[in-house]
Amino acid sequence: MKREKILIIDFGGQYNQLVARRVRECNVYCEIYSYKTDLEKIRDMKPKGIILTGGPNSCYEEGAAACDPALFELGVPVLGLCYGAQLMMHTLGGHVGKAPVREYGKIEVTTDRSSKLFTNVSEKTVCWMSHNDYIETAAPGFQIIAHTPDCPVAAAQCEERQLYAIQFHPEVLHTQEGTKMLSNFVYEICGCAGDWKMDAFVENSIRSIRERVGKGRVLCALSGGVDSSVAAVMMAKAVGDQLTCVFVDHGLLRKNEGDEVEEVFGPNGPYKLNFIRVNVQERFYEKLKGVEEPEQKRKIIGEEFIRVFEEEAKKIGTVDFLVQGTIYPDVVESGLGGESAVIKSHHNVGGLPDYVDFKEILEPLRDLFKDEVRRAGLELGIPEKLVCRQPFPGPGLGIRIVGEVTAEKVRMVQDADAIYREEIAKAGLDKSIGQYFAALTNMRSVGVMGDERTYDYAVALRAVNTIDFMTAETAEIPFDVLVKVMNRVINEVEGVNRVFYDLTSKPPGTIEFE
Ligand code: XMP
């Protein structure tokens, strides 16, 4: 089936994946490509529309990111956002320069509601601006359709050529009617039908996996995390017992997590997977003995994971397909998609296991953003508790224990974390906080319990709100909830006598505490 598609041309701005997510929220499929992508390739993809994103440059400077001017002659609707808008104006004969007043933040914009872009948008609407340059004069043939007191061309259009430019960021939630504007672009201007729906995606994927796999044998590494769980269940629905899932319990999971994963995916669970649980807790603790440096811990855990998986795969023999839980941000960030290649040191498994004897890789979630993976999971009938669980790093508690990892410390952090999560849920905060967990610091200090002196560890509680995990703000947790957690942790977790709340945002901190 040919999917209708919007192309997002990436000029390296920070909100580019957000643009894609907003378009998909309108039930329209889209993909991100670098601005260096050949025009021929763009034409061949037959997009219904093209969106040019923001970017860090000034479009009039030597060597600034640009696109082929013929892009504007394809007869396909184009919407330029921020840098994309400036580039469109600059390329087509308008004038872009340094703004006398730099606009940043929420600003009231006056719109011309007769434009298709602003159908059902208020005349005065709050938008998110972030620019040093501005469009001084629109290109010939363009009509100004929005302005602010400091920005004479906040949006412009040339309706005959289906070209639209917006100086602000409709993709950011601070732009109150931004989703409406993007929806106007994809529906009213590009004429999309809106065929990107999760139920259809799941159904089509299962069908095409079945065709591709035939009678082949499939191997999947299951971590219990959202991506690999959804991938495994989708594969199981497609090819049943041709699939084997290997779950490596490295002893660095959250409290009872190994058993919970086995309950759902094991032989007594609803999916009847060929499920192999490898209990290698001691092996990992042994490898981590005496190691304090966080990067080294990550490496050891990653490598050992591969070794264990390799050993299990050898026992199974030749397989035809290996399943990977790659999702779309991984594709974009690994440089295959957009421009803003983020250097990603986060890998659950250290790259491709090339030792496993397999013919092909299957990546059933490769097209999906995280929220879409979750929706696909719910569509597949995976319990909400599993599908909506918060991110958990591949190296697990290994990077939530500062300093050397021991079985004893794992127990402490598991117990403290379980209490913390329970109290957060009881306070009704579990859905509103982006990510929260307990970590074990490497600090021991003197305390007194009953009549006895203690010399024990300090637990750090962490909770952050974040949109993209690249930056994060500390979440505000009511003081009484924190006090309750502190009391319970100290009373119930042996070896801990202090509890701290970590206030650090990212940057300068990271979300994890290692
Ligand atoms: P940091 O600590 O870098 O974390 O601010 C950002 C987000 O990434 C998660 N994280 C990982 N996820 N493997 C993963 O799959 C990893 O090695 C890893 N390290 C950090 C972290 O939980 C947060 O959501």
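Refer to the structure printed above.
Owing to the predicted nature of the structure, the values given are computational and were not obtained by experimental measurement.

How should the pattern of salt bridges be read in this particular structure?
Note that side chains of opposite charge can pair when their charged atoms are close. What the rule picks out here adds up to 35 salt bridges. For the salt bridge of E31 with K5, the shortest nitrogen-to-oxygen distance reads 3.3 Å. With E31 in strand 2 (residues 30–34) and K5 in the segment before strand 1 (6–10), this residue pair connects regions lying 26 residues apart in the sequence. Assigned by exposure class, E31 and K5 land together as buried. Across the pair D417 and R421 runs a salt bridge, and its minimum N-O distance is 2.9 Å. A residue pair is termed a helical-turn pair when its members lie 3 or 4 positions apart in one helix, as D417 and R421 do in helix 13 (residues 407–426) at 4 residues. Connected through salt bridges with shared partners, the residues E422, E423, K426, K484, R488 and E492 form a single ionic network.

What is the right way to read unusual backbone geometry from this model?
Residue P507 is reached from K506 by a cis peptide bond, and omega for that bond is -15°. Within the secondary structure, P507 is located in the segment after strand 18 (496–501). For the peptide bond that leads from P507 to P508, omega is 10°, which places it in the cis range. Among the structural elements, P508 can be located in the segment after strand 18. At K272, a residue that is not glycine, the phi angle is positive and equals roughly 50°. Within the secondary structure, K272 is located in the loop between helix 7 (257–265) and strand 12 (274–279). Take K272: its relative accessible area is 58%, and that puts it in the exposed class.

For this particular structure, what's the right way to read the environment of D199?
Inspection of the secondary structure puts D199 in helix 5 (residues 198–213). The spacing of D199 and L378 is 179 residues in sequence and 9.7 Å in space, taken between C-alpha atoms.

Which parts of the structure should I look at to understand the sheet that holds strand 9 (residues 163–166)?
Strands belonging to one sheet form pairs held by backbone hydrogen bonds; the direction of such a pair is parallel or antiparallel. If you trace the 9 strands from one edge of the open sheet to the other, you get 2-1-3-4-9-8-7-5-6, paired in mixed fashion. Here the strands that pair on one side only, and so sit at the sheet edges, are strand 2 and strand 6 (124–137). The average undirected angle you get between the axes of adjacent strands in this sheet is 20°. As paired elements, strand 7 (residues 143–147) and strand 8 (residues 155–158) share 3 bridges and run antiparallel to each other. By the bridge assignment, I144 is partnered in strand 8 with A156. Against the sheet, helix 1 (residues 16–25) makes contact with strand 1, strand 2, strand 3 (49–52) and strand 4 (78–81), and its axis sits at roughly 160° relative to strand 2, the strand it touches most. Sheet strands touched by helix 3 (residues 83–91): strand 3, strand 4, strand 5 (95–111), strand 6, strand 8 and strand 9. Its angle to strand 4, the strand with the most contacts, is close to 115°.

Help me understand the packing of helix 6 (residues 226–239) against helix 11 (residues 370–379), please; the structure alone is not making it clear to me.
For any two helices packed against each other, one specifies the inter-axial angle together with the distance between the axes. The interhelical angle for the contact between helix 6 and helix 11, taken along N-to-C directions, is 40°, at an axis separation of 10 Å. Between helix 6 and helix 11, the angle falls in the class oblique. As for the relative orientation of helix 6 and helix 11, their crossing is left-handed in sense. Contacts between helix 6 and helix 11 involve V226, D227 and V230 from the first element and K370, V373, R374, A376 and G377 from the second.

Just to check I follow, could you spell out the layout of surface pockets for this structure?
It is the rolling of a water-molecule-sized probe over the atoms that shows where space remains empty. Approximately 470 Å³ is the volume found for the second largest pocket. Lining the second largest pocket we find 19 residues, and of these R3, F201, N204, S205 and S208 sit closest to its centre. Class assignment of the residues belonging to the lining of the second largest pocket gives a composition of 7 nonpolar, 3 polar and 9 charged.

Scoring rules and cut-offs
- Residues numbered from 1 in each chain as written.
- Predicted model: local features only at pLDDT ≥ 70, side-chain atom pairs only at ≥ 80, totals over all residues.
- Heavy atoms only, no water.
- Salt bridge = Lys/Arg side-chain N within 4 Å of Asp/Glu carboxyl O.
- Helix = DSSP H or I, 4+ residues; strand = E, 2+ residues; numbered from the N terminus.
- Buried < 20%, exposed > 50% of the residue type's maximum accessible area, 1.4 Å probe, protein only.
- Pairing = 2+ DSSP bridges.
- Axes fitted to C-alpha atoms, helices over the stretch in contact; angles between N-to-C directions.
- Contact = heavy atoms within 4.5 Å.
- Parallel < 35°, antiparallel > 145°, perpendicular 65-115°, else oblique.
- Left-handed = near helix turned anticlockwise from the far one by under 90°.
- 1 Å grid on protein atoms, 1.4 Å probe; cavity = no way out; pocket = protein on both sides within 12 Å on 5 of 7 lines; lining within 4 Å.
- Points joined across faces, edges and corners; volume = space filled by probe spheres on them.
- Nonpolar A, V, L, I, M, F, W, Y, C, P; charged D, E, K, R; others polar.

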